[in-house]
Amino acid sequence: MKVLVINPGATSTKVSVFDEENEVFKLKLEHSGKDVAAYKNIVDQMPMRRDMILAGLEENGYKLSDFDAVCGRGGLFKPIPSGTYIVDDSVLEDVKAARYGEHAANLG
């Protein structure tokens, strides 16, 4: 099983590829203060970061269809027990509205 893991932070997005439990690739994409300041809200950065991730993967021989799953760092959501969750429309709406705060992890 090949898994793409995405960890968005304030000034970078870290990407790893795992084959089973082994990390086989990692990439750190830097975002300058000027780059992120161009966006009113953190969630508005999503297309820019997505495009950088896809370009970085492609440059290193990966495409989205290579992955069996994608895992993102969790964001600021309503209080729930820790664990693994499927992202549905209600989660996306909470993130877009920043109901529980804005943080780069909301992009995960």
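Residues numbered from 1 in each chain as written. Predicted model: local features only at pLDDT ≥ 70, side-chain atom pairs only at ≥ 80, totals over all residues. Heavy atoms only, no water.

(A) Spotlight on the packing of aromatic side chains. Considering all chains together, one arrives at 2 aromatic pairs under this definition. An angle of 45 degrees between the planes, with centres 5.4 Å apart, marks the rings of Phe25 and Tyr62 as tilted. Pair noted here: Phe25 is in strand 3 (residues 22–30) and Tyr62 is in the loop between helix 2 (46–59) and strand 4 (69–72), with a separation of 37 residues, a long-range link. With a relative accessible area of 14%, Phe25 lands in the buried category. Measuring from ring centre to ring centre gives 6.0 Å for Tyr62 and Phe67, while their planes differ by 25 degrees; the resulting arrangement is stacked. Like Tyr62, the residue Phe67 is buried in the burial classification. Members of the aromatic cluster, joined through ring pairs, are Phe25, Tyr62 and Phe67. (Phe/Tyr/Trp six-rings, centres within 6.5 Å; stacked < 30°, edge-to-face > 60°. Helix = DSSP H or I, 4+ residues; strand = E, 2+ residues; numbered from the N terminus. Buried < 20%, exposed > 50% of the residue type's maximum accessible area, 1.4 Å probe, protein only.)

(B) Quick look at the layout of surface pockets. Of the volumes computed, that of the largest pocket is approximately 1200 Å³. Gly72, Arg73, Val87, Leu107 and Gly108 are, among the 37 residues lining the largest pocket, the residues nearest its centre. Elements with a minimum of two residues in the lining of the largest pocket: strand 1 (2–8), helix 2, strand 4 and helix 3 (89–97). Per-element accounting of the lining of the largest pocket gives the leading share, 6 residues, to helix 3. Grouping the amino acids of the lining of the largest pocket by side-chain chemistry returns 21 nonpolar, 9 polar and 7 charged. (1 Å grid on protein atoms, 1.4 Å probe; cavity = no way out; pocket = protein on both sides within 12 Å on 5 of 7 lines; lining within 4 Å. Points joined across faces, edges and corners; volume = space filled by probe spheres on them. Nonpolar A, V, L, I, M, F, W, Y, C, P; charged D, E, K, R; others polar.)

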